[in-house]
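This is what each chain is made of:
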Amino acid sequence: MSKKLDIRYVAGTEQYPHAKAQTARSIENLSYDFNQRAWSNEKGIVSYWNNTGSKPTADVTSIFYWSRRGGKAESTLFELDTGQNEVSLCKTAPYEDVGYVVLQQGRTKPRPQDPGTNYIPYGNFCFVLNGEDNPLKLVSYFPEVGPFEFGFPTRPSQPMVLDSGDGGAAGYIVFSPSGSGCPSLSGPGITYAEATNAGGAKITLPNEASLGFGDQSSGDDLSGSINAYRYKVSFVSNTYSESPLSLGSPTVSFKNGADAFNDSTALNGDKSKYGAVISNIPTGPMGTFKRRLYRTKNLGDGTIDPNLAVYYFLDEIPNNFQTTYTDLIPDSQLGSEAPSDLESFMLPPNLKYGATFANRLVLGGGVSYPTRLFYSNANRPEEFGLDKFVEVGNRVGGVITGLVPFNNLLVIFREHSIDALVPTNNADFPFYVTPIFTGAGTVATKTAVVVPGVGLVFATAEGVYSFQGNFSGGGQANIQRISDAIGEDYERVSSYSLARACAVYDNRFSEYVLSVPADGSAVNSLVFCYNAALVSWSIRHSLPASCFTNSREGYVLFGSNASSLGIADVPSIGVICNTNQNMADTLEKPAGTWTSAWLDFGDPDSTKNIRTVSIDAYTTGEHLYTMNSAIEWDYEYINTAYSSPSVADYKAQAVIGQVEFDQNFKWENRRIAKMRFDLELPEARWFRFKLSSTEPLLLIGYSVEFDEGGETRAWSAVFNTPPFNNGNRNVDPSKLPI
């Protein structure tokens, strides 16, 4: 009796009706280990906290690992469900018994159709918005202060002028080197030490003879000249963004030589000068580190329309507490013209999505402007011009659902289309919008993740897509669906609550990890993993992830929704890692299973007598593994067999670790072991098996031995990429794998 050997290099999952033999029907709770070329169930989850205090177990609705200042400062921000449809914004704090501190309470809990809170890093700042609550700003160099209120929700109130007390003109002061109430300092030249306003208050002045304003250099009759001035104020935040200007102050007005302390002779002869005291200067919101004052030049008799008055930079107040200012600056020393509302205006408070792009902060979506994007002035993320926006609603596609930077584009996700914000070289019009894909969009924008070698990957109700390309140099964008191989399992996704889906790229396992609501659930309950290099999908159970983020070290952190899934005693934040290396799983590890495709061994019409299935695996200890078998497209398994790995000339294995056998052999130095499953099955044309275990497993390949037409055959499969290049003509075609 002859024996024929066939070898196949097994690819990933395919759930087509007639999938190729060198695929798997299903891979569950296994990840591909490229270092060992094996499917492994080493991936597990552990608690984020290692302190001995009580750990929170409530659901987490959003999470973001915020690293700044080159990794010297880092925090994990998250929102913890507190009940009553509210969440609290928190920050992990290992020094606290509970492991975190609360930054803000009473925030809105996201609905099933809401992706939840967005975290937008911008240099040393992080902006937090959800379209419901007031946007927030966190500052890296004030970790225990805040959060601050983002932007400028209201204009500064108008400054006032100090009452003159003379029953007429308002706000001015007059000073002179001699004369009643205005003594001079000793020393050479003309100096001005202090002044007295008409109300009797003494005001200390700088010793500069050139200061003072009025109409004294115009050549008019000084004793009768009319002078008028107005003031505005703005806030400057710690992002160096400037707020809209306040309304104009009451008018400061006076006539030269007509004050209570100086007659015309003293005024002209002793060169008295005028100034103004600004009072009730508003203080800005928390995060304001200085304020700017603006003043008109002399308005003369004051008959000019106040709305048409032009303001100029006067001075900066380098703090956020001083409420008075003495103005002695002549018109000739005023600075540039004040910014208008075109340069800074108040944003609507309920913008929902945002991203950092081209040194600007881009915000959009939400109730008030569902199809509009606002972009900040360059390098000033809280300063938005009145005309700095683009409208995407002129094309069919629905409302904006998310913003994701990719290559040199800002991808604009909408309900039924995908657009892009493209930069230009025009400073006045720095962006334009172009469509990328029309007819399909997504609400699951927290699934949009850049995957090396694949592009921008995101989930929709119809499947998972990848986007590649840009528009630089005539480049083209390309979108393709990459989830067809798992179409049967993907049909379980709940489109009603798809907005809650989330994803992350796990660089340690080279996987795109996608958590989705399934089987009618309103919360995430099923996880798909896509190995880009292997082009293979797998499924993971018992990973209760409502949100993901990456740590600086490359670990994946997830916010748990175990409470909503009815799973008890799971910490609110977990870490995905290799738990076979002396780390205890937070949850009991689910069984890792590898299910073959339906195998006909090249001839669907001939019957075969399946004798054995041998599994090649790395040694991981003495464990028992289970194999279930089915025939003829019957999804009920009719045979169950058990086996343990065996290595020739070795004692039965104990546990993995530093356990010595015989001389200096150690079981952590892995060897290839074989598990043989003897099957008792009737003859059949089609065959399928499922290998499963909760024990450590590193699956290399398998072989099936069967009788067909009087000949014994061994059909083998290796979980590896082919060692030959099918496009290399120097390789003998007969040596290529079938």
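Located above this text is the structure these notes cover.
Attention in this report is confined to the structure presented alongside it. The shown structure was predicted, so the numbers you read here are calculated from the model rather than taken from an experiment.

A tally of helices and strands in the protein yields 2 helices and 53 strands. Going through the 738 residues of the protein one by one, you find that 53% of them count as buried. At a minimum sequence separation of 6, the contacts of the protein that also span at least 24 residues come to 61%. Looking at the protein as shown, the accessible area adds up to about 32000 Å², and 48% of this sits on carbon and sulfur atoms.

Let us now look at the sheet that holds strand S6 (residues 60-68). One open sheet accounts for 4 strands, arranged S6-S7-S8-S9; its pairing is antiparallel. Looking at the sheet topology across the chains shown, the edges are occupied by S6 and strand S9 (100-108). Across the sheet, the mean angle separating the axes of adjacent strands is 20° when strand polarity is ignored. Bridge count for strand S7 (residues 73-83) against strand S8 (residues 86-92) is 6 bridges, and the pairing is antiparallel.

This part takes up the environment of Tyr-642. For Tyr-642, the location among the structural elements is in strand S47 (residues 639-643). In sequence terms Tyr-642 and Phe-677 are 35 residues apart; their C-alpha atoms lie 6.4 Å from each other. Once residues lying within four places of it in the same chain are set aside, the contact partners of Tyr-642 are Leu-624, Tyr-625, Thr-626 and Phe-677.

Within this structure, the stated rule accounts for 31 aromatic pairs. Seen from their ring centres, Tyr-294 and Phe-313 are 6.0 Å apart, and the 75° between their planes marks the pair as edge-to-face. Here Phe-313 lies in strand S23 (residues 311-317) and Tyr-294 lies in strand S22 (residues 288-296), a separation of 19 residues in the sequence. Between Phe-528 and Trp-537, the aromatic rings sit 6.4 Å apart at their centres with planes inclined by 90°, giving edge-to-face as the arrangement. The class for Phe-528 is buried, based on a relative accessible area of 0%. Clustering of aromatic rings is evident, with ring pairs tying together Trp-594, Phe-601, Phe-687, Phe-689, Tyr-702, Phe-706 and Trp-715. Sitting over the ring of Tyr-312, Lys-297 keeps its end group 4.8 Å from the ring centre. A cation over a ring is seen here: Arg-508 above Tyr-555, with NZ or CZ 3.8 Å from the ring centre.

Reading the values: the criteria
Residues numbered from 1 in each chain as written. Predicted model: local features only at pLDDT ≥ 70, side-chain atom pairs only at ≥ 80, totals over all residues. Heavy atoms only, no water. Helix = DSSP H or I, 4+ residues; strand = E, 2+ residues; numbered from the N terminus. Buried < 20%, exposed > 50% of the residue type's maximum accessible area, 1.4 Å probe, protein only. Contact = heavy atoms within 4.5 Å. Areas by Shrake-Rupley, 256 points an atom, 1.4 Å probe, with all protein chains shown as cover. Pairing = 2+ DSSP bridges. Axes fitted to C-alpha atoms, helices over the stretch in contact; angles between N-to-C directions. Phe/Tyr/Trp six-rings, centres within 6.5 Å; stacked < 30°, edge-to-face > 60°. Lys NZ or Arg CZ within 6 Å of the ring centre and 35° of its normal.

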